[in-house]
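# Secondary and tertiary structure notes
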Amino acid sequence: MFTKELGRIGKRELRCLYMVVALVLAASAADAKVRLPHIIGDNMVLQQQTDARLWGWDKPGTRVSVTVSWNEETYTATTGRDGKWMVKVPTPKASYTPLSITFDDGEPTTISNVLSGEVWVCAGQSNMEMPMRGFGNCPVDGYVDEVLHAREYRGIHYVKIPSVMRMTPQEDAQCEWREVGSQTIGDLSATGYFFAQAVTKALDIPVGLVVANKGGTRVESWLTKENLEKYTNEPTDSAGIVRFKPEWDYHRALVWGNGTFNPILNYTVKGIIYYQGCSNVGDPGNQYSERMKLLVSQWREQFGLGEIPFYFVEIAPYHYDNVNADNGARLREQQYKASLGIPNSGLVCTNDLVYPYESTQIHPAQKRAVGRRLACLALNQTYGMTEVWCKSPTYKDMRIVGDAIHIHLNDDYGSINRFEGIEGFEVAGADRVFHPAKAMHFWRPGGGYWDETIQIVCPEVKQPVALRYCFKNFQIGNLKNGAGLPLIPFRTDDWGD
C-alpha cells in the first residue's frame, strides 16, 4: 500500500520527502553526538601523572567510551538523566609528544595536539588579566623581545575563559586552547606567561595555563552564594547586587565566580596563582584576610583535588589618591596575614616592582619578576627544588636601645643586600608622628643574638616607640635578602586599628 501511494508522489515531492528525512536523521545524529565542554579540546594540556577528569554531555542513558593514544585501555561512562557523563583517565609523564583522545557514543570525536604537563590557574583581577601586549597606556616591559623568542616556548599552552557575569553557576564557557607563538603570546596573561616560562625552563616540561580572571573584581566577586550569605552581608539577588555596588559592574559579588570560574572546576589542575586586592583597599580590620582564606578553602573544595598550592601577589605600591596614606598598606598587611593562615600557600612581595614614576599606574610594567617570583614559590614548595630561594624577608623582632631600634628578620638567607643607605624605615615616639629614619647594618664582637642586627635611628625621635617599613600607599624600599627578594612592608604598632 505504501509503495502504491509513493508511486503517486511526483518527483518534486519525493525530493522534498528525502530532504526532510535527511534533516531528521542529521538532527538525530547531532543530538546523539558527544558534546564536550570547550575547555576540553585541541591543544589542551593535561595534568601529568594523575587521574584527569574528562566530561561532557549526551543523550540520557548513552554509553560513552573514551580511548587515548598513550595506552590501550577504554574508559566508559553512561550518561545520567541530566545527560552528563564523566570519566577519570590516568595521564602519562610530562612530555612534548602530541597526544590524542577519542570520545565515542557511536560517532567518534577526536581531539589532538594534547600535551601532558603541569596545569595552573591564573586567577584574580586586572594585574593578572593584563596581557603581554599590555593595556591602553599600560605597557609590559620586554613585550617585543618576548614576541621574538615566543617559538622557544611552544610547550606553553593557554586557555582564556571569557569574563562574564551570571547569576547561576555555569558549566561551560566559549573558549579554546592556544599554543604560545609570536601570533598568540600577546593575548596571554603577562604574569601567567612569565610564571609558565620559568617553570617550563626549570622542569623542561609543558605548562598549561587556565586564565580565569576579571579586572577590578573584589574577593567577594568569586565567593559562592552560600559563602556570601553565611559569612558576609553582601546581597545575592540580582537587584540587590546591582544596588549594592552600582558604580562598577566588576565590583559585584557572586556573578563573576558563577560565570568565569565555575566552568573550570571539573578540570584537573596542579595549583592556582592569584593577583587581586586593589578593589578591596579600605576594607576594615581583618575582613579581607578572612575572606581570602574563605575563598581559597572554597576553591580547593570545589576542585576536589585536595590542598592544592595557592600562591598570590601582594598589591603593588599605588597612590590610592594619597601616596602618604596607609589604606593600601593595610590591605597589603591583610594579604600577609592571609598567607600565614592559608596552608600550602605563599606570598610574592612587589614593593620593589614599580618605577618611581608609577605612583598613579595601577598596572605596573614589571610583570616578568612577578611571574618569576611566583614560579620560584612553586619550584621550591611544590616541585621540591629547595635550591631555588623563594621567600621574602619579614620582620621578626625588635629591641630599643637608647635612641635606636634594633631588629631581626626572618628568611634573610644569611644576608641582606646592603649595609648602609637603607631606605624605607620610619620611627615614631609617644606622639605617634612618624619621621624618616636612617638604617644600617649593626655588628659588634660577642656573637650574641643582639650583636648583629639592623639598626634604625632618627634624629627627630629620641625615645622611639614604634617602627614602620614602607607602610604607605606608595613607598619603595631597597632592603632585600640574600635571594634579592624585598622586605615585606610592616609596622610594629597597631595605631588606627
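The coordinates are above.
Residues numbered from 1 in each chain as written. Predicted model: local features only at pLDDT ≥ 70, side-chain atom pairs only at ≥ 80, totals over all residues. Heavy atoms only, no water.

### Some words on the overall build of the protein chain
Worth spelling out the cut-off: Secondary structure elements are defined from DSSP: runs of H or I of at least 4 residues count as helices, runs of E of at least 2 residues count as strands, and each element is numbered from the N terminus. For every residue, the accessible area (1.4 Å probe, protein chains only) is compared with the maximum for its type, and the residue is labelled buried under 20%, exposed over 50%, or partly exposed between those bounds. Residue contacts are counted whenever heavy atoms from the two residues lie within 4.5 Å of one another. Methods summary: accessible areas were calculated by the Shrake-Rupley approach with a probe of 1.4 Å, and residue burial reflects only the protein chains presented. The charge count treats Lys and Arg as positive and Asp and Glu as negative. His and the chain ends do not count. We put the charge of a Lys on NZ, of an Arg on CZ, of an Asp on CG and of a Glu on CD.
In terms of regular secondary structure, the protein chain is built from 11 helices and 21 strands. Reported as C-alpha extents along the three principal axes, the dimensions of the protein chain are approximately 115 × 50 × 40 Å. Counting only residues that meet the buried cut, the protein chain has 54% of its 497 residues in that class. Counting contacts in the protein chain only where the partners sit at least 6 residues apart, residues at least 24 apart contribute 72% of the total. Here the protein chain has roughly 22,300 Å² of accessible surface; of this, 50% comes from carbon and sulfur atoms. In the protein chain, which carries 51 positive and 56 negative side-chain charges, the distance between the mean positions of the two groups comes to 4 Å.

### Description of helix 5 (residues 190-203)
Defined as follows: In this scheme, a helix's expected span is set at 1.5 Å multiplied by one less than its residue total. Polar contact is the term for a pair of N or O atoms within 3.5 Å; when the atoms are in protein, one must be able to donate a hydrogen and the other to accept it, and sequence-neighboring residues count only if both atoms are side-chain atoms.
Its 14 residues give helix 5 an end-to-end C-alpha distance of 20 Å, which sits within 8% of 20 Å, the value for a rise of 1.5 Å per residue. Helix 5 sits mainly inside the fold: 11 of its 14 residues count as buried. Residues Ala190, Thr191, Gly192, Tyr193, Phe194, Phe195, Ala196, Gln197, Ala198, Val199 and Thr200 constitute the buried set of helix 5. Residue serine 189 occupies the N-cap position of helix 5, its side-chain oxygen lying 3.0 Å from the main-chain nitrogen of glycine 192.

### Description of the packing of aromatic side chains
Filter applied, for reference: Aromatic rings from Phe, Tyr and Trp, taking only the six-membered ring of Trp, are treated as a pair when their centres fall within 6.5 Å; an angle between ring planes under 30 degrees marks them as stacked, one over 60 as edge-to-face, and anything in between as tilted.
As enumerated under the stated definition, the model contains 23 aromatic pairs in all. Where tryptophan 248 meets tyrosine 250, the ring centres are 5.6 Å apart and the plane angle is 5°; that geometry is what we call stacked. A residue is classified by how much of its surface remains accessible, and tyrosine 250, at 24% relative accessible area, is partly exposed. When the ring of tyrosine 274 is compared with that of phenylalanine 310, the centres are 5.4 Å apart and the planes differ by 40°; the resulting orientation is tilted. Of this pair, tyrosine 274 sits in strand 11 (residues 271-275) while phenylalanine 310 sits in strand 12 (residues 310-313), and the two are 36 residues apart along the sequence.

### A look at the pairing of strand 14 (residues 394-401)
This is how the line gets drawn: By this definition, two strands are paired if DSSP reports at least two bridges between them.
Here seven bridges tie strand 14 to strand 15 (residues 404-410), and the two strands are oriented antiparallel to one another. When the bridges of strand 15 are listed, methionine 398 appears paired with isoleucine 407. Connecting strand 14 to the next strand, strand 15, in antiparallel fashion are two residues, including glycine 402 with a positive phi near 65°.

### Re the environment of methionine 128
Mapped onto the fold, methionine 128 is located in helix 3 (residues 126-129). Since its relative accessible area comes to 0%, methionine 128 is described here as buried. Between the C-alpha atom of methionine 128 and that of isoleucine 416, which follows or precedes it by 288 residues, the distance is 30 Å. Excluding residues that lie within four positions of it along the chain, methionine 128 makes contacts with Cys122, Ala123, Ser189, Thr191, Gly192, Asn213, Ile273, Tyr274 and Tyr275.

### Structural notes on the side chain of serine 65
Inspection of the secondary structure assignment puts serine 65 in strand 3 (residues 63-68). Residues contacting serine 65, with those up to four places away along its chain left out, are Thr74, Tyr75, Thr76, Thr102, Phe103 and Asp104.

### Quick word on the sheet that holds strand 14
The criterion, for reference: Only the stretch in contact is used when a helix axis is fitted, and all axes are lines through C-alpha atoms; the angle between N-to-C directions ranges over 0 to 180 degrees.
Spatially, the four strands line up as an open sheet ordered 14-15-19-18, and their pairing is antiparallel. The outermost strands of the open sheet, each flanked by one partner alone, are strand 14 and strand 18 (438-443). Strand-to-strand twist across the sheet, computed as the mean angle between neighbouring axes with direction ignored, equals 30°.

### Concerning the pattern of salt bridges
Our working rule: Just to be clear on terms, a salt bridge is a Lys or Arg side-chain nitrogen sitting within 4 Å of an Asp or Glu carboxyl oxygen.
In total, this model carries 21 salt bridges according to the counting rule given. Arginine 330 is the partner of aspartate 497 in a salt bridge, and the nearest nitrogen-oxygen pair spans 2.7 Å. With a gap of 167 residues between them, aspartate 497 in the segment after strand 21 (490-491) and arginine 330 in helix 10 (residues 327-341) connect regions that are remote in the sequence. Where arginine 491 meets aspartate 493, a salt bridge forms, and the shortest distance between an N and an O atom there is 3.7 Å. We note that arginine 491, like aspartate 493, is buried. In this structure, a network of salt bridges that share partners links the residues Asp326, Arg330, Glu333, Arg468, Arg491, Asp493 and Asp497.

### Regarding the sheet that holds strand 20 (residues 466-469)
Strand order in the open sheet formed by four strands is 17-16-20-21, with antiparallel pairing between adjacent strands. Each edge of the open sheet is held by one strand with a lone partner, namely strand 17 (434-436) and strand 21.

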